[in-house]
Amino acid sequence: MPHTEDLSIFARVVELGSLSAAGRDLRLSPAVVSNRIARLEGDLNARLLNRTTRRVNPTEEGAAFYQHCLSILNELEQVENLLSQRTDEPRGPIKVSLPVAFGRQYVAPHIGAFLARYPQMQVRLQLTDRFSDLIQERIDLAIRIGILEDSSAIVRNLATDRRVIVAAPSYLNARAAPKTPEDLLEHNCLLLRFPGSKQYRWTLTTPDGPQTLRVAGNMDSDNSEVLLDWCLAGHGLALKSIWEIVDHLNAGRLKVVLGDFPPVADAIHALYPHGTHVPARVRAFIDFLVEVLGPKPVWERELKLKI
């Protein structure tokens, strides 16, 4: 009889196409992953994977077995969810994907308190500014900021995301601040770029309605914290959420420009995959985030300026 954990490991190898990638995802060494696959093939007396130097692909038998694995693992998860709901005690691991800066500042510091409340749980945070695939990467919950295009997920709004365009005093001392949205086209704009990112198009609120400009600059990054560092150093303008820069605004290290034409506000959302049952661990984590953020988020309470 194959071990349940071996089934899970095999499924991740097939999905990620690599023993080492599956090991990183499951926090196992490549040797352990290889040994578990070998044990599974021995239990079934069948070769499940073809290995090359670059990728691992399932054999014909492996592809058929993978579909059975998914059914078995999904049924086990549903049973665990039902048991968790009956005992009213969230348990098990939860994998959460968050933007780097937001996760580090507003979620990671509270994980200890969350686990003290739910000691039968384990939390795995994935901090990334790219949009993770909930299904492919087996993410239980994702926090995303901005416009959502993932129709395959259930969404819960956590907070409003007010944004501003800012620059360091040194940048504004070197050149005139923009007075109209069109002036942005003459400025060095620091951009967040990654697959799927639309940060190079800034949409501002004007008396005639939203106005979108395709801005440009000579510095971009896939990490929002790098952009903030560049902005503080006086290298250009940045479009930033208030939650990320509230301390810098209060201290005067960053100045708001085009205050009469604020960027269109976004929202902070919690997303989780569709399913027959919402795991108790997911519901518990979302409820905890709502509690932590509060009806008026902490960054809005700390902001000393009127914006």
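Criteria and thresholds
- Sequence order as written defines the numbering, with residues in each chain counted from 1.
- This being a predicted model, a pLDDT of at least 70 is required before a residue's local features are given, and a value of 80 or more before pairs of side-chain atoms are given or counted; all residues contribute to the totals for chains, interfaces and linings.
- For side-chain calculations, the full set of non-hydrogen atoms in the structure is used, while hydrogens and water are omitted.
- Each residue is placed in one exposure class: buried if its accessible area under a 1.4 Å probe, protein chains only, is under 20% of its type's maximum, exposed if it is over 50%, and partly exposed if it falls in between.
- Each helix is a run of H or I in the DSSP string that is no shorter than four residues. Each strand is a run of E no shorter than two, and both are numbered from the N terminus.
- Strands qualify as paired when DSSP identifies two bridges or more between them.
- Contact criterion: two residues are considered in contact whenever any of their non-hydrogen atoms come within 4.5 Å of each other.
- Polar contact is the term for a pair of N or O atoms within 3.5 Å; when the atoms are in protein, one must be able to donate a hydrogen and the other to accept it, and sequence-neighboring residues count only if both atoms are side-chain atoms.
- Salt-bridge detection follows one rule: a side-chain nitrogen of Lys or Arg within 4 Å of a carboxyl oxygen of Asp or Glu.
- Stacked, edge-to-face and tilted labels apply to pairs of Phe, Tyr and Trp rings (six-membered ring for Trp) whose centres lie within 6.5 Å, assigned for plane angles under 30 degrees, over 60, and everything in between, in that order.
- In this analysis, a patch consists of residues with relative accessible area above 30% that form no salt bridge, clustered at 9 Å for like charges and at 5 Å for the nonpolar side chains Val, Leu, Ile, Met, Phe, Trp and Tyr.
- With residues, only the protein chains shown are counted as cover, and all accessible areas are computed by Shrake-Rupley using a 1.4 Å probe.
- Axes, fitted as lines to C-alpha atoms, cover a helix only where it is in contact. Angles between the N-to-C directions of the axes lie from 0 to 180 degrees.
- Orientation categories follow fixed angle ranges, with anything under 35 degrees roughly parallel, anything over 145 roughly antiparallel, 65 to 115 roughly perpendicular, and all other angles oblique.
- Here, expected helix span is obtained from the residue count minus one, scaled by 1.5 Å.
- Residue-level confidence of the predictor is what pLDDT reports, using numbers from 0 through 100.

1. Re the pairing of strand 8 (residues 189-192)
- Side chains Cys189 and Leu191 project from strand 8 onto one buried face, and the interleaved Leu190 and Leu192 project onto a second face that is buried too.
- With two bridges joining them, strand 8 and strand 12 (residues 237-241) adopt parallel strand pairing. The partner of Leu190 across the bridge, within strand 12, is Ala238.
- As judged from the two bridges shared by strand 8 and strand 11 (residues 220-221), these two strands associate in the parallel manner. By the bridge assignment, Leu191 is partnered in strand 11 with Asp220.

2. Section: the environment of Arg162
- Examined against the element boundaries, Arg162 turns out to sit in the loop between strand 6 (153-161) and strand 7 (163-167).
- In sequence terms Arg162 and Glu300 are 138 residues apart; their C-alpha atoms lie 9.2 Å from each other.
- What Arg162 contacts, discounting residues up to four positions off in sequence, is Lys240, Ser241, Ile242, Glu300, Leu303 and Ile307.
- Polar contacts involving the side chain of Arg162 include one to the side chain of Glu300, which spans 2.9 Å.

3. Observations concerning unusual backbone geometry
- You will see that Asn45, though not glycine, has its phi angle at about 55°, which is positive.
- Residue placement: Asn45 occurs in the loop between helix 3 (30-44) and strand 1 (49-51).
- Residue classification places Asn45 among the exposed positions, given a relative accessible area of 72%.

4. Things to note about the pattern of salt bridges
- All chains considered together, the criterion is met by 13 salt bridges.
- Arg156 serves as the salt-bridge partner of Asp287, at 3.2 Å between the closest nitrogen and oxygen. Residue Asp287 is found in helix 10 (residues 280-293), and its partner Arg156 is found in strand 6; the two are separated by 131 residues along the sequence.
- Where Arg162 meets Glu300, a salt bridge forms, and the shortest distance between an N and an O atom there is 2.9 Å. Of the two residues, Arg162 sits in the loop between strand 6 and strand 7 while Glu300 sits in helix 11 (residues 298-302), which places them 138 residues apart along the sequence.
- Arg162 gets classed as partly exposed once you look at its relative accessible area, which sits at 25%.
- Residue Glu300 is classed as buried on the basis of its relative accessible area, which comes to 16%.
- Each of the salt bridges in this network shares a partner with another, and the network as a whole consists of Glu5, Asp6, Arg36 and Arg39.

5. Here's the deal with the packing of aromatic side chains
- Summed over all chains, the structure comprises nine aromatic pairs.
- Taking the centre distance of 5.5 Å and the plane angle of 35° together, the rings of Phe102 and Tyr106 count as tilted. Highlighted residues: Phe102 and Tyr106, both in helix 5 (residues 100-107), separated by four residues, approximately one helical turn.
- Looking at Tyr106, the relative accessible area reads 10%, which means it is buried.
- A centroid spacing of 5.0 Å and a plane angle of 70° characterise the contact between Tyr106 and Trp299, whose relative ring orientation is edge-to-face. Taken together, the residues Tyr106 in helix 5 and Trp299 in helix 11 connect sequence positions 193 residues apart. Neither residue differs from the other here; Tyr106 and Trp299 are each classed as buried.

6. Examining a nonpolar patch on the surface
- Nonpolar side chains collect at one region of the surface, where Val256, Leu305 and Ile307 lie side by side and expose about 210 Å² of accessible area between them.
- Its location among the elements puts Leu305 in the segment after helix 11.

7. Quick look at the packing of helix 5 against helix 9 (residues 242-251)
- Closest axis-to-axis distance for the helix 5/helix 9 pair is 10 Å, and the angle between their directions is 70°. Relative to helix 9, the element helix 5 lies roughly perpendicular. Contacts between helix 5 and helix 9 involve Ala101, Phe102, Gln105 and Tyr106 from the first element and Trp243, Glu244 and Val246 from the second.

8. Considerations on helix 10
- Taking 1.5 Å per residue, 14 residues should reach 20 Å; helix 10 reaches 20 Å between its end C-alpha atoms and fits that length.
- Taken as a whole, helix 10 has its buried residues at Ala280, Arg281, Val282, Ala284, Phe285, Ile286, Phe288, Leu289 and Leu293.

9. Quick look at the packing of helix 2 (residues 19-26) against helix 3
- Relative orientation of the contacting elements helix 2 and helix 3 amounts to 110°, with a least axis distance of 8 Å. Compared by their axis directions, helix 2 and helix 3 come out roughly perpendicular. Here helix 2 contributes Leu19, Ser20 and Gly23 to the contact with helix 3, which in turn contributes Pro30, Val33, Ser34 and Ile37.

10. Overview of the confidence of the model for the protein chain
- Here the protein chain averages 86 in pLDDT, while 90% of its residues score no lower than 70.
- Per-element confidence in the protein chain is highest for strand 13 (residues 255-257), whose mean pLDDT is 97, and lowest for helix 4 (residues 60-87), whose mean pLDDT is 74.

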